[in-house]
Amino acid sequence: MTVVPAQQGGGGGGSSGLYDVLELILDRGLVIDAFVRVSLVGIEILKIDVRVVVASVDTYLRFAEACNRLDLESGPHKNPGLPDLVGEMTESGARGKSKGALSGAAETISGAFKEAREESRPEPRPRARKSTASRRKEEAE
Amino acid sequence: MSTYVYGITAASHPALPDGMDGVGAPARPVRILKEGDLAAVVSDAPEGLRPKRKDLLAHQNVLSEVGAEGVVLPMRFGSVAPDDAAVTGVLAERADHYKERLATLDGKVEYNVKAVHDEEAVLHRVMSENAEIRAMTEANRQAGGGSYEQKLQLGEMVVAAVQAREAEDAAEVHSALESVAAAVSVGPESSGWLANISFLVDRDEAEQFLAAVEQVRAAHPHVDLRINGPLPPYSFVEPGPAEPAGTAIGADTGKE
């Protein structure tokens, strides 16, 4: 039984999926109260890795720019004309959730986790990511 | 000398990983402690154990090895008993509970599914679905990109639409895979994925489950699905919904 991200064809063996299963190893699993758990400074990194879209001025501008560049008539993701499904937008609900996730984040960063994450992602994702600190600042503005 | 515990399995497990490399540097060899019908997979606990990459991997690898040949109750990383006797004491004291869990999870494995949006693809989708966004984008284009306020207005609409899509896609991934799984455990929402869901799957039905995953992929080309498994049943060791460790933290600080 090895941890293989099926999508990527399984190269890299057991370590390739470590980042993706970190929260299972650290947050799930059996806990026995008669045993001690070692201190896990750095576990909070799992909570600040917010990849869902966060409502902020920065995100608005970035998405507006992306829409301007987007060519609906071509490209690999060309979408066959779909009916207008998204009539009502659950803006406030979704936004509240994202903000909660963000503000609930602690900011401890452990070198071990960063390392695990970077090594498990040989191809960095193209999307721009801001640090939590800078996002927070923008939200506060 | 304190004892690091990886997991609990049946004493009759056919391939106990005696001597395998465990946590620590140098790696402490894995030992097996038997008590009645149960066995604990342990090693000596290194001094000053931290959640380092190597140690997390060792924990996961030992459990993967055990789990490949038979059911195991994986411990959360970092569980340390005062000594071997404390471990066998717990096995004896709670034998019925652990045997019941092992019987329930026998032949089953965990698959963890995480989903994020492919940004360009989801923008395509959102624009196709929403005439207002298309019109505003077109207006901004014709105005050479639009004013700051116009950009903000467009961006805010797009973000709201994308967030609505995140919620819908999460629900669709959940319901599509739930039907081919024995149990479902939803991961912490704050972990940054639009969906982070673990499914307990019968080993014999793993193919159907993976086929269902492929169907979800095909039906949602704008969703990037990452699947990990088969894994030891981390999310299903206790009956009922799992309580992730981070829940309390998130609840406290989220109030503001």
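Computed from a predicted model, the values in this text were never measured in an experiment. (Residues numbered from 1 in each chain as written. Chains lettered and ligands numbered in written order. Predicted model: local features only at pLDDT ≥ 70, side-chain atom pairs only at ≥ 80, totals over all residues.)

**With respect to the overall build of chain A**
Thinking step 1. Along chain A, the regular secondary structure elements total six helices and one strand.
Thinking step 2. Written out in order from the N terminus, the α and β elements of chain A read α-β-α-α-α-α-α.
Thinking step 3. A burial count over chain A gives 30% of its 141 residues as buried.
Thinking step 4. For chain A, the share of sequence-separated contacts (at least 6 apart) that also reach a separation of at least 24 residues comes to 77%. (Helix = DSSP H or I, 4+ residues; strand = E, 2+ residues; numbered from the N terminus. Buried ≥ 20, exposed ≤ 12 C-beta atoms within 10 Å, placed from the backbone. Contact = placed C-beta atoms within 7 Å.)

**Re the confidence of the model for chain A**
Residue and element names in this part refer to chain A.
Thinking step 1. Confidence in the prediction for chain A averages 54 pLDDT; 29% of positions are at 70 or higher.
Thinking step 2. When the elements of chain A are averaged for pLDDT, helix H4 (residues 91-103) gives the smallest value, 33, and helix H3 (residues 57-69) the largest, 88.
Thinking step 3. Under a pLDDT of 50 for its full length, residues 1-16 has, in the predicted model, 37 contacts with residues more than four places off or in other chains.
Thinking step 4. Every residue in residues 77-141 scores below 50 in pLDDT, and together they form 104 contacts with partners more than four places removed in sequence or on other chains. (pLDDT = per-residue confidence, 0-100.)

**Describing unusual backbone geometry**
Residues and elements named next belong to chain B.
Thinking step 1. With an omega of 0°, the peptide bond running from Ala25 to Pro26 counts as cis.
Thinking step 2. Here the amide bond leading from Gly229 into Pro230 is cis, since omega sits at 0°, within 30 degrees of zero.
Thinking step 3. Checked against the element boundaries, Pro230 lands in strand S9 (residues 223-231).

**A look at the sheet that holds strand S8 (residues 195-202) of chain B**
All names here are of chain B.
Thinking step 1. Pairing is antiparallel across the open sheet formed by four strands, whose spatial order is S7-S8-S6-S9. Each edge of the open sheet carries a strand with a single partner, namely strand S7 (183-186) and S9. With direction set aside, neighbouring strand axes in the sheet form an average angle of 20°. (Pairing = 2+ DSSP bridges. Axes fitted to C-alpha atoms, helices over the stretch in contact; angles between N-to-C directions.)

**With respect to the packing of H3 of chain A against helix H5 (residues 131-142) of chain B**
Thinking step 1. Taken N-terminus to C-terminus, the directions of H3 of chain A and H5 of chain B make an angle of 80°; their axes are 9 Å apart at the nearest point. Here H3 of chain A is positioned roughly perpendicular relative to H5 of chain B, judged by the angle of their axes. Side by side, H3 of chain A and H5 of chain B meet where Ala64, Cys67 and Asn68 of chain A of the first sit next to Thr137, Asn140 and Arg141 of chain B of the second.
Thinking step 2. Here the contact of H3 of chain A with H5 of chain B is built from residues that sort into two nonpolar, three polar and one charged. (Parallel < 35°, antiparallel > 145°, perpendicular 65-115°, else oblique. Nonpolar A, V, L, I, M, F, W, Y, C, P; charged D, E, K, R; others polar.)

**Regarding the domain arrangement of chain B**
Residue and element names in this part refer to chain B.
Thinking step 1. The domain boundaries assigned to chain B delineate domain 1 (3-106) and domain 2 (110-253).
Thinking step 2. Placing the centre of domain 1 and that of domain 2 at their C-alpha centroids yields a distance of 34 Å.
Thinking step 3. At the junction of the two partners, domain 1 supplies nine residues and domain 2 supplies five residues.
Thinking step 4. Breaking the side of domain 1 that touches domain 2 down by element, the ones donating at least two residues are helix H1 (53-69), strand S4 (72-74) and helix H3 (95-105).
Thinking step 5. In terms of residue class, the side of domain 1 that touches domain 2 is built from five nonpolar, three polar and one charged. (Domains from an automatic or database assignment.)

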